[in-house]
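Tertiary structure, described
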Amino acid sequence: MIALFPALLSCSSKKTPELAPEYIFNDPNLKVISSVINRKEGTIAVIYGNTPAVNTANDATGEHVDGEEFKMVTWKLKPMPNWYGTDMNGRMLSVETVDISKKTGENIVFKYHYEPAVKQESHVKTRDSSKRVAFIVGLPAAVMP
Amino acid sequence: MRKLRYKPNKKFLFISASLIIIYVILQLTGPEVINKPHEGEINVPSNVSAILRKSCYDCHSNQSDPTWYDKMMPASYLVSHDITEARSRFNLSEWSKIPSGQQQVLLWEMVNAVEQKKMPLSRYLAVHPNAAISPSELAILKDYVNTLPGRSKVDTAKITRSPYVSDGKTLISTGTPVSITGIAYSDSYKSWTVLSVTDKFDGGSMRIVYGNEIMIKAIKNNQIPFPDGAQMVKVVWGKQREDAEGNVLPGNFQNVQFMVKDSKKYKSTEGWGFAKFDGPDLKPFGKTVAFATTCINCHKLLVAENDFVFNIPTK
């Protein structure tokens, strides 16, 4: 009985959180364009862009220009540990990149690249890359004052 | 052979007798819990109401029912202090005085307080074990909050662009908005790092939380409590209707919230300064600095062990 006490005490003591800084995406050249929740896939994502990409996304009539770079970072959606009522990003699943080049007199080119966060692991079975490109570069910027 | 004899110490007897007399007198002077008549009581389904009555009403309502030992000194002082404090936070007997949006936030907070075993207070449960909430009762509370209108709120309004934004540049023509807590709005967070991105389904909003360099560095170095200079900015949008593929995009901009660590300046709110700027014109929230107390109260109840921060990346 007495032997049980230390065990009980250690169970009730406060847990300090185990931080996971590896879930943080950081690219100092990019800023947020928008975000996407997808409960069907159980994911949450942020679309980032470089300055030309952000400018185009902020302009409803804007046409794509040479040098735009978009990155869509997708994480697994998980319940927030200390608040029932919010789901948040967990581990990173993938980074999709679209680079736009548009040389004068030539057609616009969208270069798409899909990078799973863990090699040999794709969180989607099939990716129709032209559909993905259209989705990523077509998102209007979320309103941020 | 000497007979052992119990010899009472006169001094000891005198002290004990005095203490008993003082104790009895104190019982007559202890604070009386006054139950005001209740108007505007909370109106929830009977299975939910039964749980609140059993476990929360003794403190968070005008229908406190102290048992005989609660009325004993010094317990009566603690009990009356808890009741006064609890009623000041929210009073289930005067529920209709609270605006409906805030009522919903409180109900979700109540569920979380129970889930995390912060409520009912453990010192109360120790003497009122029957007030404990079972897992099936918690499930009833959870089912109930999931029926509240904020749960499925969709932002269908046309998206208004902020007057502050034009071609991706911020135009502050009417001067920088400043919160009464002394925090000025600045959009420098846009070049910070995204700490987390969330689906706040309890209120129909989605958010991005940014951390400044000091904040991100502290997380990388496992440095909790966070150092002075750490800052977070949370941008809040409504949620548009889900498309055929399941995608939900940000709707209208709702508000932006700041937390700024300065352990001296913001000592009264656990070292964090709070600010909130509402709507596209970024109207500073809060008529008095006391608004920050309501912010920290919720963060303190639920994430005191994370230095009062919810949005930290954890395994």
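Residues numbered from 1 in each chain as written. Chains lettered and ligands numbered in written order. Predicted model: local features only at pLDDT ≥ 70, side-chain atom pairs only at ≥ 80, totals over all residues. Heavy atoms only, no water.

Moving on: the overall build of chain A. Each helix and strand in chain A was counted, giving 3 helices and 5 strands. Along the chain direction, N to C, the helices and strands of chain A fall in the order α-β-β-α-β-β-β-α. In chain A, which comprises 145 residues, the share counted as buried stands at 49%. Expressed as a percentage of contacts within chain A between residues at least 6 apart in sequence, the contacts between residues at least 24 apart total 48%. Accessible surface, chain A: about 7,800 Å² in total, of which carbon and sulfur atoms supply 57%. (Helix = DSSP H or I, 4+ residues; strand = E, 2+ residues; numbered from the N terminus. Buried < 20%, exposed > 50% of the residue type's maximum accessible area, 1.4 Å probe, protein only. Contact = heavy atoms within 4.5 Å. Areas by Shrake-Rupley, 256 points an atom, 1.4 Å probe, with all protein chains shown as cover.)

Moving on, we come to the domain arrangement of chain B. Residues and elements named next belong to chain B. Looking at chain B, the domain boundaries give domain 1 (46-146) and domain 2 (156-306). Domain 1 puts 9 residues into the contact, and the matching count from domain 2 is 7 residues. Of the roughly 750 Å² buried at the junction of domain 1 and domain 2 (both faces included), carbon and sulfur atoms supply 59%. Considering only the side of domain 1, the residues that lose the most area to domain 2 are Trp 108, Glu 109 and Lys 118, jointly responsible for 56% of the buried surface there. Counting every contact that joins domain 1 to domain 2 gives 0 residue pairs in polar contact (both at pLDDT 80 or more). When residues of the side of domain 1 that touches domain 2 are assigned to their parent elements, the largest contribution, 4 residues, is made by helix 5 (residues 100-115). (Domains from an automatic or database assignment. Buried area = accessible area lost by both parts, 1.4 Å probe. Polar contact = N/O pair within 3.5 Å; in protein donor to acceptor, adjacent residues only side chain to side chain.)

Residue-level contacts link 67 residues of chain B with 46 residues of chain A. Put simply, chain B and chain A have 3 salt bridges between them. Across the pair Asp 199 of chain B and Arg 39 of chain A runs a salt bridge, and its minimum N-O distance is 2.9 Å. Where chain B packs against chain A, one counts 22 residue pairs in polar contact (both at pLDDT 80 or more). (Salt bridge = Lys/Arg side-chain N within 4 Å of Asp/Glu carboxyl O.)

Quick look at the state of the cysteines now. Residues and elements named next belong to chain B. One pass over the structure, following the stated rule, counts 0 disulfides over all chains. The closest cysteine sulfur to the non-disulfide-bonded Cys 56 is located on Cys 59, 8.9 Å from its own sulfur. Overall, the relative accessible area of 16% leaves Cys 56 in the buried class. Under the relative-accessibility criterion, Cys 59 is labelled buried at 15%. (Disulfide = S-S within 2.5 Å.)

Time to look at unusual backbone geometry. All names here are of chain B. Pro 120 follows Met 119 through a cis peptide bond whose omega is -10°. Its location among the elements puts Pro 120 in the loop between helix 5 and helix 6 (122-125). Residue Pro 225 follows Ile 224 across a cis peptide bond; omega there is 0°. Of note in the backbone geometry, Leu 282 takes a positive phi value of approximately 55° without being a glycine. Residue Leu 282 is classed as buried on the basis of its relative accessible area of 0%. One non-glycine residue, Phe 308, lies in the positive phi region at around 70°.

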